[in-house]
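As a plain string of letters, each chain reads:
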Amino acid sequence: SHGINHVGMMKRSSHINDKNIIFIVRHVNDLDFMLPIMLYACNPVVIVWGGINNRDFRFNLLKKHGVRVDKLAGVDKTIFERVQIKLLRFLLPITGTGFIEKIQKKSEKKGISSFKTYLAGFDKNEICCVVFDHTINDFVKQLIGIIRDWQPNLQILSLPHGQGIVSNRMTKY
């Protein structure tokens with residue numbers, strides 16, 4: 001039995017007063033990397049801010065194990081937005097970038113607003129920490145700012161995968 005349940009997985013942790021741990025991910029690679037941590041965390045909540053398919057098998061696995069998985073608004077582009085971006089890239093590969101950036105900024109604003117509303121649904125004292133895949137993205141920096149305004153003392157962690165540990169002249173971390 002040694003901490004393993006009937007399906008061969010470790011039992012979910014029951015430490016940290018059963019507070020929620022919010023995981024914020026963008027890409028399937030980050031979801032893959034953090035999946036074991038999410039499944040073992042005491043009360044994990046997963047927030048997606050990137051275009052991961054709703055039918056992804058990892059989502060199903062998380063939900064099967066009682067993990068709440070939600071997407072921020074603006075993450076999934078409408079069909080019109082996707083067609084618009086493809087046409088702009090095809091017809092105006094150089095000058096269309098400004099229009100594409102406007103579409104992206106519109107989605108980003110929806111995501112930021114959605115995140116504020118999402119956090120308002122939690123009791124500040126029932127969150128243990130917030131875990132990001134990476135914290136070097138401008139959108140993530142905005143999310144961190146919102147978290148700091150909402151709960152200044154909340155612990156924020158970054159668990160990047162594939163990050164080099166050596167800084168050199170060619171790469172700045």
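Residues numbered from 1 in each chain as written. Predicted model: local features only at pLDDT ≥ 70, side-chain atom pairs only at ≥ 80, totals over all residues. Heavy atoms only, no water.

### Here we look at the environment of Val-130
- With respect to the helices, strands and loops of the structure, Val-130 is situated in strand S4 (residues 127-132).
- Looking at Val-130, the relative accessible area reads 1%, which means it is buried.
- Linking Val-130 and Ile-147, residues 17 residues apart in sequence, is a C-alpha distance of 8.7 Å.
- Contact partners of Val-130, with chain neighbours within four places excluded, come to Ile-22, Ile-24, Ile-147, Leu-154, Gln-155, Ile-156 and Leu-157. (Helix = DSSP H or I, 4+ residues; strand = E, 2+ residues; numbered from the N terminus. Buried < 20%, exposed > 50% of the residue type's maximum accessible area, 1.4 Å probe, protein only. Contact = heavy atoms within 4.5 Å.)

### Regarding the nonpolar core
- Ranked by size, the top nonpolar core spans 23 residues in total, and within it Ile-22, Ile-24, Phe-115, Val-130, Phe-132 and Ile-147 carry the most contacts.
- Elements with a contribution of two residues or more to this core: strand S1 (20-25), strand S2 (43-48), helix H4 (97-120), S4 and helix H5 (138-150).
- At seven residues, H5 tops the list of elements feeding residues into this core.
- In contact with Phe-115, not counting residues within four places along its chain, are Ile-24, Ile-47, Leu-72, Leu-143, Ile-146 and Ile-147. (Core = buried A, V, L, I, M, F, W, Y, C linked by side-chain atoms within 4.5 Å.)

### Here's the deal with the packing of helix H1 (residues 28-40) against helix H2 (residues 57-64)
- Between H1 and H2, the least distance of the axes is 11 Å, while the angle of their chain directions is 15°. In terms of axis orientation, H1 runs roughly parallel to H2. In this structure, H1 meets H2 at a crossing whose hand is left-handed. Of H2, the residues touching H1 (which contributes Val-28, Leu-31, Asp-32, Leu-35, Met-38 and Leu-39) are Arg-58, Phe-59, Leu-61 and Leu-62. (Axes fitted to C-alpha atoms, helices over the stretch in contact; angles between N-to-C directions. Parallel < 35°, antiparallel > 145°, perpendicular 65-115°, else oblique. Left-handed = near helix turned anticlockwise from the far one by under 90°.)

### Concerning the environment of Leu-159
- By the secondary structure assignment, Leu-159 is in the segment after strand S5 (155-158).
- Along the backbone, Leu-159 and His-134 are 25 residues apart, and their C-alpha atoms lie at a distance of 6.5 Å.

### Thoughts on the confidence of the model for the protein
- In this model, the protein carries an average pLDDT of 79, and 75% of its residues clear a pLDDT of 70 or more.
- Predicted confidence in the protein is weakest over helix H3 (residues 79-91), with a mean pLDDT of 70, and strongest over H5, with 93.
- The low-confidence segment residues 1-7, where pLDDT is below 50, has nine contacts with residues more than four positions distant or belonging to other chains. (pLDDT = per-residue confidence, 0-100.)

### Regarding H2
- Arg-58, Phe-59 and Leu-62 are the residues of H2 that are buried. Along the axis of H2, the buried residues cluster in a sector spanning 100°; they form a single face. Away from the buried face of H2 by more than 90 degrees, exposed residues Phe-57 and Lys-64 are located.
- For H2, the secondary structure elements touched by its buried residues are H1, S2 and strand S3 (68-71).
- Looking at the residues trailing H2, positive phi occurs at Gly-66, about 75°. (Arc of directions from axis to C-beta.)

### Overview of the pattern of salt bridges
- Inspection of every chain in the model, using the stated rule, returns four salt bridges.
- Across the pair Asp-32 and Arg-58 runs a salt bridge whose closest N-O atoms are separated by 2.7 Å. Of this pair, Asp-32 sits in helix H1 while Arg-58 sits in helix H2, and the two are 26 residues apart along the sequence.
- Exposure remark for Asp-32: the relative accessible area of 39% places this residue in the partly exposed category. (Salt bridge = Lys/Arg side-chain N within 4 Å of Asp/Glu carboxyl O.)

### Considerations on the pairing of S1
- In terms of burial, S1 is a largely internal element, six of the six residues being buried.
- Burial along S1 is two-sided: Asn-20, Ile-22 and Ile-24 facing one way and Ile-21, Phe-23 and Val-25 facing the other are all buried.
- Pairing of S1 with S2 involves six bridges; the strand directions are parallel. Bridge assignment links Val-25 to a residue of S2, and that residue is Val-48.
- Handedness of the crossover joining S1 and S2 through H1: right-handed.
- Summarising the sheet, S1 and S4 pair through five bridges and their orientation is parallel. Looking at the pairing, Asn-20 lines up with Ile-127 of S4. (Pairing = 2+ DSSP bridges. Right-handed = clockwise from strand over helix to strand, strands pointing away.)

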